[in-house]
Amino acid sequence: MLIVFIGPPGAGKGTQSARLADHLAVRHLSTGEILRHAVEENNIVGQEAAPYLERGDLVPDDLVVGIVAERLAQRDCQAGALMDGFPRTPGQAAAFDKHLAKTGRALDAVIELRVAREELLRRLMTRKRADDSAETISHRLEIYIRETEPILSYYKTRGVLHTIDGIGTLDQVFSRILAAVNSRAR
Ligand code: AMP
């Protein structure tokens, strides 16, 4: 099973997608986590990614597409994976489609977590993460609207998009997500 999770920073996609991956017993793949880890390790990927993460910019498509393709080919992702934060641009979505076609896999569902901007800003200001300074927060929100939102209509046309209201308790939001995943046409 392959599921993509999309949502602006602060929508709760990290928490909810990890929980859904646990529930479905599939690997949780967060490109943000992989990149932050690479930066900490200061390896080649980390060195290339670091300035983008610091600014709150997206890393180049090629870099992140390569990371995902490599991870999905590993044994722990054969039963499925939950993609948290990928794809994030139309270019990544197209490259992901190509990769899936080449490897004979299909995307089962795309979950969009939707939260109003004021609520996102409120949540993000109370979160403590290295790339969460006041400037990068609003910058990352702008980037989400400009780069990532356009891929939602792409997935909507293909009938795989489920838009979930991200306001509520963790349990309330999670049950909405589960209902969407269980309702999907097979
Ligand atoms: P996240 O943890 O998903 O909020 O991602 C944190 C940061 O990692 C983002 O602000 C980007 O700099 C980078 N990043 C994560 N996923 C991607 C992606 N799919 N494409 C480009 N950059 C990404």
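Higher on the page you've got the structure.
Residues numbered from 1 in each chain as written. Predicted model: local features only at pLDDT ≥ 70, side-chain atom pairs only at ≥ 80, totals over all residues. Heavy atoms only, no water.

A. Looking closely at the packing of helix 5 (residues 90–103) against helix 8 (residues 150–157). It is at 9 Å that the axes of helix 5 and helix 8 come closest, and there the two elements cross at 35°. Contact residues: Pro 90, Ala 93, Phe 96 and Asp 97 in helix 5; Pro 150, Ile 151, Tyr 154 and Tyr 155 in helix 8. (Axes fitted to C-alpha atoms, helices over the stretch in contact; angles between N-to-C directions. Helix = DSSP H or I, 4+ residues; strand = E, 2+ residues; numbered from the N terminus. Contact = heavy atoms within 4.5 Å.)

B. Structural context of the sheet that holds strand 4 (residues 109–114). Read from one edge of the open sheet, five strands run 2-3-1-4-5, paired in parallel fashion. Looking at strand neighbours, the two that pair on one side only are strand 2 (27–30) and strand 5 (161–165), the edges of this open sheet. Across this sheet, the average inter-strand angle for adjacent strands is 20°, counted without regard to direction. (Pairing = 2+ DSSP bridges.)

C. Region of interest: the site of the ligand. Near the ligand you find 17 residues, and of these Thr 31, Asp 57, Gly 85, Arg 88 and Gln 92 are the closest. Arg 36 has a polar side-chain atom sitting 2.9 Å from an oxygen atom of the ligand. One of the side-chain nitrogen or oxygen atoms of Arg 88 is found 2.8 Å away from an oxygen atom of the ligand. Surface burial for the ligand is 97%, taken as the share of its 480 Å² of free accessible area covered by protein chains. Of all the cavities here, the one that holds the ligand is the largest pocket. (Near = heavy atom within 4 Å. Polar contact = N/O pair within 3.5 Å; in protein donor to acceptor, adjacent residues only side chain to side chain. Areas by Shrake-Rupley, 256 points an atom, 1.4 Å probe, with all protein chains shown as cover. 1 Å grid on protein atoms, 1.4 Å probe; cavity = no way out; pocket = protein on both sides within 12 Å on 5 of 7 lines; lining within 4 Å. Sits in = over half its atoms within 2 Å of the grid points.)

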